[in-house]
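So you can see what is in the structure, the chains are spelled out below.
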Amino acid sequence: MTRRRWFVVPLLLAPGLGLILALVGSVVVIAIGQSFGLFSIFGGGAFSLEPWSETLDRRVYWRSVRYSLQVGVVSAFASVALAYPLALWLRKPFQGAAFIGAVLKAPLLVHGLVAAFLYVNVISYHGIFNQFMQAIGVWDGPRRLQNDPGAVGVYILQTWKNMPFALLLLTGAVRSISDDVLDAARDLGAGTWARFRRIVLPLTTSVMQAALVIIYIGALADFSFQVIAGPINRMSLSQLMVFFKDRGDWHAAAVVGVTLMVLALAGAAVLTLFIQLIGRGWPRR
Amino acid sequence: MIGVRVDRLTIRFGAFTAVDDVSFQVAPGEFITLLGPSGCGKTTLLRMLSGFLEPTSGSIHLDDVDVSQVPPEARDTALCFQSYALFPHLTVRQNLEFGLIQKRIPRRERKERVATVASTLDLDTQLTKLPNQLSGGQQQRVSLGRALVMRPGVILFDEPLSNLDAKLRDRVRIEIRRIQRDYGLTAIYVTHDQAEALALSDRILVMNGGRVEQSDTPEALYHRPRSRFVADFIGSANVIVGEVEGPADAGIWRARTPIGLLGFTSERQPPRAVTLCWRPEHVHLGDGDLEGIVIDRSFQGNYTDLTVRSGDVDHRIQVSATPLYEGDRTRFAIEPERVVLLEDEV
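Attention in this report is confined to the structure presented alongside it. (Residues numbered from 1 in each chain as written. Chains lettered and ligands numbered in written order. Predicted model: local features only at pLDDT ≥ 70, side-chain atom pairs only at ≥ 80, totals over all residues. Heavy atoms only, no water.)

Thoughts on the overall build of chain B
Okay, step 1: A count of helices and strands for chain B gives eight helices and 19 strands.
Okay, step 2: Structurally, chain B occupies a C-alpha span of about 75 × 45 × 40 Å along its principal axes.
Okay, step 3: Among the 346 residues that make up chain B, the fraction classed as buried is 53%.
Okay, step 4: When contacts within chain B are restricted to residue pairs at least 6 apart in sequence, those whose partners lie at least 24 apart make up 65%.
Okay, step 5: Surface summary for chain B: the accessible area is close to 15500 Å², and the carbon and sulfur share equals 45%. (Helix = DSSP H or I, 4+ residues; strand = E, 2+ residues; numbered from the N terminus. Buried < 20%, exposed > 50% of the residue type's maximum accessible area, 1.4 Å probe, protein only. Contact = heavy atoms within 4.5 Å. Areas by Shrake-Rupley, 256 points an atom, 1.4 Å probe, with all protein chains shown as cover.)

Here is the structure:
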């Protein structure tokens, strides 16, 4: 590269990349700094490992880490697992396919908080679900389903909200596989499952990977579903961060914030590696 | 090697009948071609044979076993796709092995079969490449190899040469025929290219509007077409209507036509009104009872194509060399043995 190019290329990239780096970078730097006792909101502040050591000693922190990871991973895989058959079903146009596709993607337009309220209404003590179960004679009386300790509500909401996103990505990827390729596999003896495993999955790996990572990062940092429909015996990392902030413990909140960022990055890397590793086996048996 | 029997096969899509009451048989080891223009139903028929389409009525038997309801993955057929349909994420070796893995063929036999086919098709050095690293001809050979390696009872070809350039098409055509003979495969080939059909086939089924117009050897189809459609579709043909005057000799009849009196052969007593056909290359220029004026001359390299007007009828004559040009008057003759009565037009 010539000297002129060394000068021109960064200059051209500066408006876009520079802005991103400035905005994201400053937040990251401040969060990391605060987690080490710097940039105190109350003035002063000095480098210290105390916020980390104190937070890492708390059981509630580790429980939140485990819980958030669980929500992130389960939601990502459940959303993608549900989206695949739907994407395959909608692959070929049929009467009403556009309408069904639109309905399936509707959750994308509903804000998380609204979705959580709708869900709570459905499963509340005197909600539609309880009444339905009693009406068909499965349950004798209403049951408490809200804020269940197993966090089933959160998984349902996360999957409901994120599945359309995975569907959006996967539908395009699945449609790009030619009919002839799938027919050829069938002609060579591949049944439905073999065609999915040996043709569809490998040809949509990159899209599936992207869907998994994006959904995982979103679900990992879940706040709204957790606050309204989540279990009351544990907090998600976002909830814990807000909890520390509300107590005025900004340094501990920063530790949780940095943890979220690290888990998002590490989780995304692990998911990518995992898909690549199992993807290597797809062309074979 | 297995035989195929198709009985009264019909498929309808709503009110449209794509294949209408088609019946034929293919002997073990025979190479037949379904030939016809776009939309005549030949690919639909092939897709029914491979199991991708379910017939509305009729049946398909492979070696006397009714497979009409058997799905493609369970049929003893292998299809070579027009688009090749190679698996883009798999290497040539993996493409070739795909079907064998599905059929749970042991690893050692798999390797042997792939090696044999790769060697036959000259793909030995391409086995580790992905399809997008191959030329069109190589991709076509992989597609063929992928079908051959399965050792199918019947191999089906859906216009496999249509995406190749002319030279490569000729080469692959010869290869397909050689492999089919070497392996003794029963083959059903779909094409709209009459030259391809004539060169490859033991027998050709000419299709039109979902029906088989004529089924015969390439030579018989060319020399003894039964309908105007077949005469026109297979090579060039002059077709004319006439009125029979009576017998001229044993098996030879005379008919009055707009270009003059024409002799033609017919083993049976022909009806009064007949439709006759002859090939442009079967006309002798320079002598004879017929005459016309050259209205167009087109030099084609190994022959010259003349359009001659006799009365108010234009017809074509092909000769290897001629001093005639536009506006020249000429006499010509057609041997009665070369004039064919189109029996289905009667």
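Quick notes on the overall build of chain A
Okay, step 1: Of regular secondary structure, chain A possesses 13 helices and zero strands.
Okay, step 2: Moving toward the C terminus, one meets the helices and strands of chain A in the order α-α-α-α-α-α-α-α-α-α-α-α-α.
Okay, step 3: Counting only residues that meet the buried cut, chain A has 43% of its 285 residues in that class.
Okay, step 4: A separation threshold of at least 6 residues defines the contact pool for chain A, and within that pool the share at least 24 residues apart is 72%.
Okay, step 5: Total accessible area computed for chain A in this model is approximately 15500 Å², and 70% of it derives from carbon and sulfur atoms.
Okay, step 6: Side-chain charges in chain A split into 24 positive and 12 negative, and the spacing between the mean points of these groups amounts to 8 Å. (Lys, Arg positive; Asp, Glu negative; His and termini not counted. Charge placed at Lys NZ, Arg CZ, Asp CG, Glu CD.)

Describing the interface of chain B and chain A
Okay, step 1: Residue-level contacts link 26 residues of chain B with 19 residues of chain A.
Okay, step 2: Both sides of the chain B and chain A interface together cover about 2100 Å² of buried area, and 59% of this is carbon and sulfur.
Okay, step 3: Linking chain B with chain A are two salt bridges, by the criterion used here.
Okay, step 4: One salt bridge connects B:Arg47 with A:Asp183, and the closest N-O pair in it is separated by 2.7 Å.
Okay, step 5: For the side of chain B that touches chain A, the secondary structure elements donating two or more residues are helix H1 (42-50), strand E6 (77-80) and helix H2 (92-102) of chain B.
Okay, step 6: In terms of residue count, H2(B) provides more of the side of chain B that touches chain A than any other element does, five residues in total.
Okay, step 7: Per-class residue counts for the side of chain B that touches chain A are 14 nonpolar, seven polar and five charged. (Buried area = accessible area lost by both parts, 1.4 Å probe. Salt bridge = Lys/Arg side-chain N within 4 Å of Asp/Glu carboxyl O. Nonpolar A, V, L, I, M, F, W, Y, C, P; charged D, E, K, R; others polar.)

Topic: the nonpolar core
Okay, step 1: Grouped together as the largest cluster of nonpolar side chains are 118 residues, with contacts concentrated most on B:Phe24, B:Leu45, B:Phe87, B:Leu144, B:Ile176 and B:Ile188.
Okay, step 2: The residues touching B:Leu144, leaving out its near neighbours within four places in the chain, are B:Cys80, B:Leu121, B:Ile155, B:Phe157, B:Ile176 and B:Ile179. (Core = buried A, V, L, I, M, F, W, Y, C linked by side-chain atoms within 4.5 Å.)

A few points about the environment of B:Val313
Residue and element names in this part refer to chain B.
Okay, step 1: Looking at the secondary structure, you find Val 313 in strand E17 (residues 313-319).
Okay, step 2: Separated by 268 residues in sequence, Val 313 and Leu 45 have C-alpha atoms that sit 38 Å apart.
Okay, step 3: Contacts of Val 313, omitting those with residues within four sequence positions, involve Ile 240, Pro 258, Ile 259 and Val 308.

Regarding the sheet that holds strand E15 (residues 283-299) of chain B
Residues and elements named next belong to chain B.
Okay, step 1: Across the sheet, which stays open at both edges, the four strands sit in the order E17-E16-E15-E18 with antiparallel pairing between neighbours. Each edge of the open sheet is held by one strand with a lone partner, namely E17 and strand E18 (329-334). Neighbouring strand axes in the sheet, compared pairwise and without regard to direction, differ in orientation by 50° on average.
Okay, step 2: Pairing geometry for E15 and strand E16 (residues 304-310), over six bridges, is antiparallel. By the bridge assignment, Arg 297 is partnered in E16 with Leu 306. (Pairing = 2+ DSSP bridges. Axes fitted to C-alpha atoms, helices over the stretch in contact; angles between N-to-C directions.)

Quick word on the environment of A:Gly141
All names here are of chain A.
Okay, step 1: Looking at the secondary structure, you find Gly 141 in the loop between helix H6 (128-135) and helix H7 (152-175).
Okay, step 2: Using a relative accessible area of 23% as the deciding quantity, one classes Gly 141 as partly exposed.
Okay, step 3: A sequence separation of 16 residues divides Gly 141 from Tyr 125, and the C-alpha atoms of the two residues are 9.7 Å apart.

Concerning the packing of aromatic side chains
Okay, step 1: Tallying each qualifying case throughout the model produces 14 aromatic pairs over all chains.
Okay, step 2: Taking 5.1 Å as the distance between ring centres and 85° as the angle between the ring planes, the aromatic pair formed by A:Tyr84 and A:Phe196 counts as edge-to-face. Taken as a pair, A:Tyr84 in helix H3 (residues 59-89) and A:Phe196 in helix H9 (residues 192-203) lie far apart in primary sequence, 112 residues in all.
Okay, step 3: In this structure A:Tyr84 comes out as buried when scored by relative accessible area, which is 4%.
Okay, step 4: Following the ring pairs from residue to residue traces out a cluster consisting of A:Phe36, A:Phe47 and A:Trp52.
Okay, step 5: A cation over a ring is seen here: B:Arg279 above B:Tyr222, with NZ or CZ 4.1 Å from the ring centre.
Okay, step 6: In this structure, B:Arg297 packs its charged tip against the face of B:Tyr325, placed 4.0 Å from the ring centre. (Phe/Tyr/Trp six-rings, centres within 6.5 Å; stacked < 30°, edge-to-face > 60°. Lys NZ or Arg CZ within 6 Å of the ring centre and 35° of its normal.)

A short note on a nonpolar patch on the surface
Okay, step 1: Together, A:Val122, A:Ile128, A:Phe129, A:Phe132, A:Ile136 and A:Val138 give the surface a local cluster of nonpolar side chains, amounting to about 540 Å² of exposed area.
Okay, step 2: Examined against the element boundaries, A:Phe132 turns out to sit in helix H6. (Patch = residues over 30% accessible without salt bridge, like charges linked within 9 Å, V, L, I, M, F, W, Y side chains within 5 Å.)

Quick word on the pairing of strand E1 (residues 4-13) of chain B
Residue and element names in this part refer to chain B.
Okay, step 1: Examined bridge by bridge, E1 and strand E4 (residues 57-62) share five bridges and lie antiparallel to one another. Residue Val 4 lies in a different strand from E4, and its bridge partner there is Leu 62.
Okay, step 2: Where E1 meets strand E2 (residues 16-26), seven bridges bridge the pair, whose relative direction is antiparallel. When the bridges of E2 are listed, Arg 5 appears paired with Gln 25.
Okay, step 3: In this structure, the hairpin formed by E1 and E2 is closed by a connection of two residues, where Gly 14 is found at a positive phi of approximately 65°.

Some details on the side chain of B:Arg75
Residues and elements named next belong to chain B.
Okay, step 1: Topologically, Arg 75 is positioned in the loop between strand E5 (65-66) and E6.
Okay, step 2: A distance of 2.8 Å separates a polar side-chain atom of Arg 75 from the backbone oxygen of Leu 49.
Okay, step 3: At 2.8 Å, the side chain of Arg 75 and the backbone oxygen of Val 70 are in polar contact. (Polar contact = N/O pair within 3.5 Å; in protein donor to acceptor, adjacent residues only side chain to side chain.)

Concerning the side chain of A:Ser35
Residues and elements named next belong to chain A.
Okay, step 1: Mapped onto the elements of the fold, Ser 35 is located in helix H1 (residues 3-35).
Okay, step 2: With relative accessibility at 0%, the residue Ser 35 sits in the buried group.
Okay, step 3: Aside from chain neighbours lying at most four places away, what touches Ser 35 is Ser 48, Pro 51, Trp 52, His 251, Ala 254, Val 255 and Val 258.

Considerations on the packing of helix H5 (residues 112-123) of chain A against H7(A)
Residues and elements named next belong to chain A.
Okay, step 1: In the contact formed by H5 and H7, the axes pass within 11 Å of each other and the chain directions differ by 130°. Classified by the angle their axes make, H5 and H7 are oblique. As H5 packs across H7, the resulting crossing turns out to be right-handed. Facing H5, whose interface residues are Gly 112, Ala 115, Ala 116 and Tyr 119, H7 presents Gly 153, Ile 156, Leu 157, Trp 160 and Lys 161. (Parallel < 35°, antiparallel > 145°, perpendicular 65-115°, else oblique. Left-handed = near helix turned anticlockwise from the far one by under 90°.)

Observations regarding the pattern of salt bridges
All names here are of chain B.
Okay, step 1: Taken as a whole, this structure holds 24 salt bridges over all chains when the rule is applied.
Okay, step 2: For Arg 178, the salt bridge identified is with Asp 182, shortest N-O distance 3.5 Å. Within this pair, Arg 178 and its partner Asp 182 are both found in helix H5 (residues 166-183), separated by four residues, close to a single helical turn.
Okay, step 3: You can call Arg 178 partly exposed: its relative accessible area is 36%.

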